[in-house]
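Coordinate inspection notes
If you want the building blocks of each chain, they are given just below.
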Amino acid sequence: MGRWRFLLQPWRAAGSRAPRPPARGLASSFPLPRQPVPPLAQTLERYLRSLEVLVTPEELEETRQLVQEFGAPGGEGARLQAQLERRAARMENWLSDWWVQSAYLESRLPLTVHSSPAVVLPKQDYSDWRGQLRFAAKLIAGVLDFKAKIDQQALLVEYRGGHPQCMAQYSRLFASCRLPGPKHDGLLLPTPGRRAPTFITVVRNFQFFQLEVYNSDGTPLTVDQVHLQLQRVRGLSWKTDKEPLGVLTGDHRHTWGQAYSTLMRDRLNRESARCIQRSLFTVCLDAPVLKVSDERYPSRVAAQMLHGGGSYSNSGNRWFDKTLQFIVGEDGVCGVLYEQAVADGAPIATIIDHVLDYCKDPDTARAPMTPLPLPPKLYFYITPEIQWDIERAKQNLDILITDLDISCFTYRGFGQGLPKRWGLRPDSLFQVALQLAYYRTHGSLCATSEVVSLRRFHQGRTDAVRPAAPPVLRLARAMDAPHGQDEETRSLLQAAVESQSARTEQVLAGQGIDRHLLGLKLAAIGDGQRLPGIFMDTAYAIATHCRLLTGQVSSRSDCLMVYGPQVPDGYGVCYNPLDAHVNFAITAFNCCHETHARRLARALHRVLDQLARLLGESPGGGDVEGQP
């Protein structure tokens, strides 16, 4: 996603006197441009180019004929393109609503592993429950401090590559939640102009509490006040024999939707669930992570942040539908779990950086003597039917967790500083390295999706960058040649990285192919007619079956994001490049015998060592299971 530069220019929330987003059907006076609809011929040409190393020449020729037919003047493509252009003219963003609906709300896979990413924060300097509660209090105060900047319209506009970024996601982060449904999910979002809730949810030992975090005069509680309330929560949640109701939210969306309907029949359950859903955010006070070995510890920590470790561990300490969950472990292990239908990774990284900076400052505000009420516990009435739903969810979640393979490591040979010195884009270099590692591991290249932000456009979300496959293939063969010349290989590396950078810039400018093709397909589905042949083609299925789902979410903090693969036989790879090192998290599913997270991590480590030598650096340390 790249690093963020801030200007001394406040972002104004809805309702201020700054230019507002345009009403539907009206010309835009908003300072950010609307997201464009790429030219049809351009997308089809780039689509064919992306297939060159994924299908056989015979299959490519068959696809070329379908593409020519689809893109012919007056054909299906032209008709659907005109629909998209009309949609773009009347909507604030022609894509974002469709993307959220199709990619998230209509997906029936569990949020756990399959959708919601987690961020592992640097390990904190404490090792008992006292330090846990103190840090949690400071963290809560830091999050409220960030929220105050949003409320006071004092949040600085973010810039990337000289372009201001859309700040709309920040106004939806707090007091929002995903709502399960039998066929598709919905979203609970804060209502503009209405007073926001004044409480958060705290969960410990599978028990949820409502914690008011503002005084009656509207000022936030001090760190001391929050700390006192967390001590009370601990005193009220000492029992460890409670049902892990939260695991229901990590089940298959259809199954959770049915269980949710059952749960909400009871008034007590409705009130408790709605309190969690409406809360500003959730804080999970976790038990210590079971330490199996020093080698696997970083991956175990990443797993705890991603899914809680299972029904026997901390998974019941989650409400996976909640947009923001801050996880604070008793052993100094901390992280953030977030739900993607509302927000993408870059705003989450900005919040994390702010909160960690806030936690470093000494707290000088002292709590007033005003007594605070006990945080009320949220009770649920567990019927035999709900009990059965919980047992089923526990089994399903534990199976999913057992199937997930995670390998985290820090590469210390170089960071983003080295490629910058060579005039290369760091993100593009690491994307090429991932392609090379996959080639080394599997003997071929694959369909890859690098998720990048489209926030330079009003209400923009994400699109995908396709790798520079032919240049990477030439580089891979040169690097494997027994008597390759460094100068020639370095030239091929530069060509591959520059080609990747050019593709990235195209997507950042709203000229990507993935979301455009998706829009054309959804427009065709909306017509209720037969899908065009281009979308029924085997090559389209191959192109959209991304065995590498990758992304860079940069943070000033030494943290690491982790998420699951997009497909059963694929990998999920996220990385945070810092100046002198890079943190990587790689995931795969054990049920697929072809993929192995640690094997890809080792191949990536060797590739990075080779690239370091090519660029004049000594290969660096850092084991594939090193501390992130």
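Definitions and limits used
Every chain's residues receive numbers from 1 upward, in the order its sequence appears when written. Side-chain atom pairs in this predicted model are given and counted only at pLDDT of 80 or more, local residue features only at pLDDT of at least 70, and totals for whole chains, interfaces and linings cover all residues. Only hydrogens and water are set aside; all other atoms, that is, all heavy atoms of the structure, feed into the side-chain values. Here, any two strands with at least 2 DSSP bridges between them count as paired. Numbering of helices and strands runs from the N terminus, with a helix taken as a DSSP run of H or I at least four residues long and a strand as a DSSP run of E at least two residues long. Angles run from 0 to 180 degrees between N-to-C directions of axes, and those axes are lines fitted to C-alpha atoms, restricted for helices to the stretch in contact. In this description, contact between two residues means that some pair of their heavy atoms is separated by no more than 4.5 Å. A helix is expected to span 1.5 Å multiplied by its residue count minus one. Here, nonpolar core means buried Ala, Val, Leu, Ile, Met, Phe, Trp, Tyr and Cys residues that are tied together by side-chain atoms lying within 4.5 Å of each other. Exposure classes here rest on a 1.4 Å probe applied to the protein chains alone. A residue is buried below 20% of its type maximum, exposed above 50%, and partly exposed in between. Any angle that is under 35 degrees is reported as roughly parallel, and any over 145 degrees as roughly antiparallel; angles of 65 to 115 degrees are reported as roughly perpendicular and all others as oblique. It is the rotation of the near helix from the far one that decides the hand of a crossing: anticlockwise by less than a right angle makes it left-handed, clockwise makes it right-handed. Three classes are used: nonpolar for Ala, Val, Leu, Ile, Met, Phe, Trp, Tyr, Cys and Pro, charged for Asp, Glu, Lys and Arg, and polar for all others, with Gly counted as polar.

**Some thoughts on the sheet that holds strand S14 (residues 448-453)**
Overall, mixed pairing links the 6 strands, which are arranged S13-S19-S18-S16-S14-S15 in an open sheet. Two strands lie at the open edges of the sheet, namely strand S13 (404-411) and strand S15 (462-465), each paired on one side alone. This sheet shows a mean twist of 20° between the axes of neighbouring strands, independent of strand direction. Sitting on the sheet, helix H20 (residues 597-614) is in contact with S13, strand S16 (548-552), strand S18 (571-577) and strand S19 (582-589), with an inclination near 20° to S13.

**Some points on helix H16 (residues 486-508)**
With 23 residues, H16 ought to run about 33 Å at 1.5 Å a step, and its terminal C-alpha atoms sit 32 Å apart, in line with that. Of the surrounding secondary structure, the elements contacted by the buried residues of H16 are strand S3 (155-160), helix H14 (426-442), S14, S15, helix H15 (469-480) and H20. A positive backbone phi angle near 80° is found at Gly-510, which sits one or two residues after H16.

**Here we look at the nonpolar core**
If you look at the biggest cluster of nonpolar residues, it comprises 56 residues, and the most contacted ones within it are Ile-140, Ile-200, Leu-230, Leu-280, Phe-281 and Leu-324. Of the residues forming this core, the biggest block, 11 residues, is contributed by helix H5 (residues 129-151). Apart from residues lying up to four places away in sequence, Ile-200 is in contact with Ile-140, Phe-209, Gln-210, Leu-211, Val-213, Ser-279, Leu-280, Phe-281 and Val-283. Counting 46 residues, the second largest nonpolar core, distinct from the first, contains Ile-327, Leu-337, Ile-386 and Ile-401.

**With respect to the packing of H14 against H15**
Helix-helix packing is characterised by the crossing angle of the two axes and by the distance between the axes. Remark: H14 packs on H15, axes separated minimally by 10 Å, with the N-to-C direction vectors making an angle of 60°. Classed by the angle they form, the pair H14 and H15 counts as oblique. For the element pair H14 and H15, the recorded crossing hand is right-handed. When H14 is examined against H15, the residues Val-432, Gln-435, Leu-436, Tyr-439 and Arg-440 are found in contact with a partner set consisting of Val-472, Leu-473, Leu-475, Ala-476, Arg-477, Met-479 and Asp-480. Counted by class, the contact of H14 with H15 contains 8 nonpolar, 1 polar and 3 charged residues.

**As for the sheet that holds strand S8 (residues 207-212)**
Taking strand neighbours across the sheet as the criterion, the 8 strands line up as S12-S8-S7-S9-S10-S11-S2-S17 in an open arrangement whose pairing is mixed. What marks the edges here is a single partner per strand, and that holds for strand S12 (377-378) and strand S17 (560-562). By the bridge criterion, 2 bridges tie S8 to S12 in an arrangement that is antiparallel. By the bridge assignment for S12, Phe-208 is matched with Leu-378. Against the sheet, helix H7 (residues 223-236) makes contact with strand S7 (199-204), S8 and S12, and its axis sits at roughly 155° relative to S8, the strand it touches most.

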